[in-house]
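What follows is the residue order along each chain.
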Amino acid sequence: MARFRGRPPASTGPGPSGGQPRDRVRLRPGRDQESDGRAYRRSRPESRRRALLGMRSVAGQVFVLQVVIILLLVVAAGVEVFVQAREDATSEARNRSLAVAQTFANSPGIVAAMQSAHPTALLQPRAEATRLATGVDFVVVTDDHGIRYTHPIPNRIGKKFVGDIGPALAGQTVTETIHGTIGPLVQAIVPVFDSHHKVIGAVSAGITINQISSTSQRRLPVVLAAGGIALALATFGTWLVVRRLRRQTHGLGPVEMTRMYEHHDAVLHAVREGVIIIGDGGRVLLANDEACRLLELPLGDHDGRLVTDLGLDQRLTDLLAGGQAVTDEVVSAGERLLVVNVRTTEGAGGPTGVVATLRDSTELRVLSGKADQARKRLKLLYEASAAIGTTLDVTRTAEELTGAVVPRFADFASVDLAESLLHGDEPVPSQVVDLRRTALHGIRPDSPLFPVGTSIPVAPGTPHARALDGHPVLDADLTAPQSHWRRTRPAWADRLVGQGIHSLITVPLLARGTLLGVAHFYRTATHEAFDSDDLSLAEELAARAAVCIDNARRFTREHGLAVTLQHSLLPGGLPEQSALDVAYRYLPAHAGVGGDWFDVIPLPGARVALVVGDVVGHGLHAAATMGRLRTAVHNFSTLDVPPDELLGHLDVLVNQIDLDRAATDGEMSITGATCLYAIYDPVSRTCTMARAGHLPPAVVRPDGSVDFPDLPAGPPLGLVGLPFETTEVEVPEGSRLVLYTDGLVEDRTRDIDVGLDRLRATLARSPGTPEETCQAVLDALLPAHPTDDIALLVARTRVLPADRVATWEFPPDPAAVAPVRAQVTERLTAWGLDDLAFATELIISELVTNAIRYATGPFRVRLLCDRVLTCEVCDGSSTSPHLRYAATTDEGGRGLFLVAQLSERWGTRYSPDGKVIWAEQALP
């Protein structure tokens, strides 16, 4: 209760007996409390009796309270003695059992006895003697399989040991507390080593805890005796206190004393307005606590002082000292706005003076400020929601969160995410994970926090660790002793405080119940400390960012799967061939995997096929469709058909894919794909190509000129029934064939014609190797953020030397077979391939004979010596021979069988003038 000088108001409440008002008792200045008590006691004669009864009640309560405290202390001491006794007994049992087990395991002759023919006969007497001598309950010896050699109960010898003997057999000593059949006990298990330090068994000794007595148990009577003495002293002390209270209060009970000061309590504590009483002459007689707070006056230092000496605002001083009634006058008092009401006391029969009430209206301004803060928080939350999650990138999303809150909400902000999250993997729910700093932003570059990329340590008990448990943490004042950082890592807290950071919020990033990481927000002297409203805002920001991060994580995972699938379906390397010097580039889109692909396929006759294609759409379906089309192109290329015919087969396949999807999904969907197929012949130096809705290739001549051949576009794949056209282009040696997909020359900000012009200009000024050409094209045309896949294939042409090609024409006469065979043998000798002469003669003989017998002219034989030796026989017929197995009675039909056996592979391809039957042999 606050103490103040002045005249307390008279009580007008009901008396102790109820009904009638209490006599007015005025406290005059100079009269002490004792005289006031006598006056009050004379006015109520029965107060002494009730006061004594009330005092006895108070004394009894004090006595009971002290008895309860002492009993609690005695019980606590007894419990401590009992717990200490149990701990001492357990420790003594552990030490004794371990000492007995180690001594017996290392005793002389133990190894020899265990390795003897009758170990139980030798060890059982010694174990029992040791048990009786040491006071333990058992000494058990086991072999290396846990089978007992000894036991106090003989019928348990030879049975499996009960306990964790595995570590002992691994060479470790084990002490454990178990509940056995004889009660709680401690047993020690010690390994037994032979001379080669190999574990051959174990020794276990155990003793029940109840057999161990400690000195702590003997202290319990002393504690109880001390408690009894303390209880007696407390009783005597309580009696002395009660006696002194009766003498000092003159029998005035607590009820009467409370009623005397009930108006003081109402004025000083219950009333939310400041009350100041000013007497005649302008001196302060009374000012309650609220008035002192509003006027910033020290308690108890204003009594009797003039109002003009209090240092108040001049307007407020005039109102209080003027002696005039004032209603709801608003004046300033420092940083506050006060509503002042002044009333005089003369009309009520009281002493001359005024009573002024003061009400703080600053709260209205505070509420207005809080509303403004709430508006700013909502605006920040709205703008942050729009700024976070603009991309499907985990790191970028974390950076957007830190950028959105600095400096409007925090001076420094950081985001730590789970390691697995950065790779697109699914975090483990409700598990503390390894964290890595992913984003950091601050008002200045010299941040005292861990930099981006650092693995964040998680110390137990820190806000970091608590946030990983799913609980937000608010450290409003890092300098306070109760700060989470200061209690767990004081050195780190001192470092933050030394850099000016004084307040911290740590919130978990949770999405779908899965912990993704934590976010930290720090404030320096430029901001006031965080409060509970800031914590709610931080949680809301973290929740929205967590959803965006989880979406980005899921996209990263799906994108990674699609990229992995796509790369597995693309060529792992380039095949060996001599016709072209090839380089390639493949870049997946940032936003999703597409269906672009390329291929280099060696063909018979030293020819090479170049393929570039694009499946419409993105994602796993596009990648899977691309893989199917690439496989189909490989299969169709083995038929050695012209480009337009191959595209026709591919067109039927794409249409079948659409029909299969319609049968599975229940709705028709067009896959859509484009393809460019080109065959380069290093002998004729021609490139035969056809395209299905794809962009035309670029041909870079040796002189640096660049042109796009006038190649009919053809319809996209899947529109069955429309034909494709083939174009043949002569390509000089050293020319470069450039095949590409539309992602290279077209994007949202660039028209395709502009891209083709830039490609032409880049190719014209880059006369380097195919690798250099690829890099130059990407440097010039690659968008900053590709929205589509990019496939680029650059092939520089070579020519098969003329001395590695031999051609002969022969008439349709069987007699021409021998001269042709002789010329072939002569040419093989010139090439140094005598080892292949016999097989080649047979192949040529069979193929030429079949051509003369079954085909029409003109007839031609050609030998190509490249990486393999190729024998070709051309005729004017379109009929294709078939390999068959001749019966033992057949006189013919074994020619192609011999060709297939003598060559690595053979086949037929058709030309506008007929067909070519070819066979390849590996060079020695």
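Because the structure is predicted, anything quoted here is derived from the model rather than measured.

Scoring rules and cut-offs
- Every chain is numbered on its own, with residues counted from 1 as its sequence reads.
- Whole-chain, interface and lining totals are the exception, using all residues; otherwise, since this is a predicted model, local features are given only for residues with pLDDT of at least 70 and side-chain atom pairs are given and counted only at 80 or more.
- Side-chain measures here rest on the full set of heavy atoms in the structure, leaving out hydrogens and waters.
- With axes taken as lines fitted to C-alpha atoms, and helix axes fitted only over the stretch in contact, angles between N-to-C directions fall between 0 and 180 degrees.
- By definition, any uninterrupted DSSP run of H or I lasting at least four residues is a helix, any uninterrupted run of E lasting at least two residues is a strand, and each is numbered from the N terminus.
- Helix crossings fall into two classes, left-handed where the near helix is turned counterclockwise from the far one by less than a right angle and right-handed where it is turned clockwise.
- Note on contacts: a residue pair qualifies if any of its non-hydrogen atoms lie within 4.5 Å across the two residues.
- Nonpolar residues are Ala, Val, Leu, Ile, Met, Phe, Trp, Tyr, Cys and Pro. Charged residues are Asp, Glu, Lys and Arg, and all others, Gly as well, are polar.
- Only one rule defines a salt bridge in this text: a Lys or Arg side-chain nitrogen within 4 Å of an Asp or Glu carboxyl oxygen.
- Residue exposure (1.4 Å probe, protein chains only): buried if accessible area is under 20% of the type maximum, exposed if over 50%, otherwise partly exposed.
- What is meant by a nonpolar core is a set of buried Ala, Val, Leu, Ile, Met, Phe, Trp, Tyr and Cys residues, joined one to another through side-chain atoms within 4.5 Å.
- Only protein atoms enter the 1 Å grid used here, on which a cavity is any set of points holding a 1.4 Å probe that cannot leave and a pocket is any open set flanked by protein within 12 Å on both sides along at least five of seven lines; residues with an atom within 4 Å of a point are listed as lining.
- Grid points are joined across faces, edges and corners, and a volume is the space filled by probe spheres set on the points.
- Two rings belonging to Phe, Tyr or Trp (six-membered ring only in the last case) form a pair when the distance between their centres is within 6.5 Å. Interplanar angles under 30 degrees mark stacking, angles over 60 mark edge-to-face geometry, and anything in between is tilted.
- Within the patch definition used here, like charges are joined within 9 Å and nonpolar side chains (Val, Leu, Ile, Met, Phe, Trp, Tyr) within 5 Å, considering only residues with over 30% relative accessible area and no salt bridge.
- Accessible areas in this description were obtained via Shrake-Rupley with a 1.4 Å probe; residue shielding takes into account the shown protein chains only.
- Any pair of N or O atoms that falls within 3.5 Å is considered a polar contact. Within protein, one atom must be able to donate a hydrogen and the other to accept it, and sequence-neighbouring residues count only if both atoms are side-chain atoms.
- Paired strands, in this sense, are two strands between which DSSP finds at least two bridges.
- An expected span of 1.5 Å times one less than the residue number is assigned to each helix.
- A residue counts as positive if it is Lys or Arg and as negative if it is Asp or Glu; His and the chain ends are not included.
- Where a charge lies is defined by one atom per residue type, namely NZ (Lys), CZ (Arg), CG (Asp) and CD (Glu).

1. Considering the packing of helix 24 (residues 837-854) against helix 25 (residues 895-902)
Step number 1: Packing of helix 24 against helix 25 leaves a shortest axis separation of 9 Å and a crossing angle of 145°. Classified by chirality, the crossing of helix 25 by helix 24 is left-handed. On helix 25, the residues that touch A839, L842, I843, E846, L847 and N850 of helix 24 are G895, L896, L898, V899 and L902.
Step number 2: Taken together, the residues of the contact of helix 24 with helix 25 break down into eight nonpolar, two polar and one charged.

2. What to know about the pattern of salt bridges
Step number 1: One pass over the full model with this rule turns up 25 salt bridges.
Step number 2: Close ionic contact of D534 with R377 constitutes a salt bridge, the shortest N to O distance being 2.9 Å. Of the two residues, D534 sits in helix 18 (residues 532-569) while R377 sits in helix 12 (residues 362-387), which places them 157 residues apart along the sequence. As far as burial versus exposure is concerned, D534 and R377 are alike and both buried.
Step number 3: Note that R905 and E920 form a salt bridge whose closest N and O atoms lie 2.8 Å from each other.

3. Overview of the nonpolar core
Step number 1: Of all hydrophobic cores here, the largest spans 50 residues; its most connected members are W597, L610 and Y677.
Step number 2: Core analysis: the second largest hydrophobic core is formed by 35 residues, A384, V405, I505 and I549 among them.

4. Things to note about empty space enclosed by the protein
Space left empty within the atom packing is revealed by a probe, the size of a water molecule, rolled over the atoms.
Step number 1: Per the counting criterion, the structure on display carries two cavities of 30 Å³ or more.
Step number 2: Lining the largest cavity are 14 residues; nearest its centre among them are F450, I456, H464, W485 and W492.
Step number 3: In this structure, the second largest cavity spans a volume of roughly 30 Å³.
Step number 4: Taken together, G743, E746, D747, P783, P786, T787 and D788 form the lining of the second largest cavity.
Step number 5: Residue composition of the lining of the second largest cavity, grouped by class: two nonpolar, two polar and three charged.

5. Describing the packing of aromatic side chains
Step number 1: Following the criterion strictly, the structure yields four aromatic pairs and no others.
Step number 2: For the ring pair Y584 and F598, a centre distance of 4.7 Å and an interplane angle of 35° mean the geometry is tilted. Taken together, the residues Y584 in strand 16 (residues 580-587) and F598 in strand 17 (residues 594-602) connect sequence positions 14 residues apart.
Step number 3: Accessibility expressed as a relative area gives 1% for F598, which makes it buried.
Step number 4: Each ring, one from F810 and one from F859, has its centre 5.3 Å from the other, and the planes form 25°; the classification is stacked.

6. With respect to a nonpolar patch on the surface
Step number 1: Taken together, the side chains of V75, V79, F82 and V83 present a nonpolar region at the surface, about 370 Å² in accessible area.
Step number 2: Relative to the helices and strands, V75 resides in helix 2 (residues 47-105).

7. A word on the layout of surface pockets
Step number 1: Size it by volume and the second largest pocket reaches roughly 810 Å³.
Step number 2: Looking at the second largest pocket, it is lined by 30 residues, and the ones nearest its centre are E728, R909, Y910, S911 and P912.
Step number 3: For the lining of the second largest pocket, the elements supplying multiple residues, two or more each, are strand 19 (673-681), strand 20 (686-692), strand 27 (859-865), strand 28 (868-875), strand 29 (905-911) and strand 30 (914-922).

8. Topic: unusual backbone geometry
Backbone phi values are negative for most residues with the exception of glycine, while trans is the configuration of most peptide bonds.
Step number 1: The omega torsion across V406 and P407 is 0°, close enough to zero to call that bond cis.
Step number 2: Across the junction of G857 and P858, the peptide omega takes the value 0°, indicating a cis bond.
Step number 3: With respect to the helices and strands, P858 occurs in the loop between helix 24 and strand 27.
Step number 4: A positive phi angle, close to 55°, is found at H197, a residue other than glycine.
Step number 5: Summarising the element assignment, H197 is placed in the loop between strand 3 (183-193) and strand 4 (199-208).
Step number 6: Residue classification places H197 among the exposed residues on the basis of a relative accessible area of 59%.
Step number 7: Of note, D640 is a non-glycine position whose phi angle comes to about 55°, a positive value.
Step number 8: Checked against the element boundaries, D640 lands in the loop between helix 19 (620-637) and helix 20 (643-665).

9. Regarding the environment of D599
Step number 1: Structurally, the position occupied by D599 is in strand 17.
Step number 2: Along the backbone, D599 and V611 are twelve residues apart, and their C-alpha atoms lie at a distance of 5.0 Å.
Step number 3: The residues touching D599, leaving out its near neighbours within four places in the chain, are P571, A609, L610, V611, R630, H634 and L793.
Step number 4: Separated by 2.7 Å, the side chains of D599 and R630 make a polar contact.
Step number 5: One polar contact links D599 to H634, side chain to side chain, over a distance of 2.6 Å.

10. Details of the sheet that holds strand 22 (residues 706-707)
Step number 1: Strand order in the open sheet formed by five strands is 16-25-24-21-22, and the pairing between neighbours is antiparallel. A single partner strand is all that each edge strand has here, and the edge strands are strand 16 and strand 22.
Step number 2: Strands strand 16, strand 24 (736-740) and strand 25 (790-797) of the sheet are contacted by helix 22 (residues 770-781), whose axis makes an angle of about 30° with strand 16.

11. Quick word on the sheet that holds strand 3
Step number 1: Spatial strand order, 1-4-3-2: four strands in an open sheet with antiparallel pairing. Edge positions in the open sheet fall to strand 1 (138-143) and strand 2 (174-180), since each of these has one partner strand only. Taking each pair of neighbouring strands and ignoring which way they run, the sheet shows an average axis angle of 25°.
Step number 2: Pairing between strand 2 and strand 3: seven bridges, direction antiparallel. When the bridges of strand 3 are listed, I178 appears paired with L185.

12. Observations regarding the environment of T402
Step number 1: Tracing the chain through its elements places T402 in helix 13 (residues 394-405).
Step number 2: Note: C-alpha distance between T402 and I388 (14 residues apart in sequence) is 9.4 Å.
Step number 3: Not counting residues within four places of it along the chain, the set of residues in contact with T402 comprises A413, S414, V415, A439 and H441.
Step number 4: Engagement of the side chain of T402 in a polar contact is seen with the backbone oxygen of E399, the distance being 2.8 Å.

13. A closer look at helix 13
Step number 1: The terminal C-alpha atoms of helix 13 lie 18 Å apart, and with twelve residues this matches the ideal 16 Å at 1.5 Å per residue to within 8%.
Step number 2: If you check which residues of helix 13 are buried, you get V394, T397, A398, E400, L401, T402, A404 and V405.
Step number 3: Its side-chain oxygen at 3.3 Å from the backbone nitrogen of T395, D393 defines the N-terminal cap of helix 13.

14. Regarding the pairing of strand 17
Step number 1: Of all nine residues that make up strand 17, eight are buried, and the element is covered over most of its length.
Step number 2: Pairing of strand 17 with strand 18 (residues 608-618), which is carried by nine bridges, proceeds in the antiparallel orientation. Among the inter-strand pairings, I601 is bridged to a residue of strand 18, identified as A609.
Step number 3: Joining the antiparallel neighbours strand 17 and strand 18 is a turn of five residues, in which G605 adopts a positive phi near 75°.

15. Let's talk about a negative patch on the surface
Step number 1: Where like charges cluster on the molecular surface, the negative patch consists of E746, D751, D753 and D757.
Step number 2: By the element assignment, D753 lies in helix 21 (residues 752-764).

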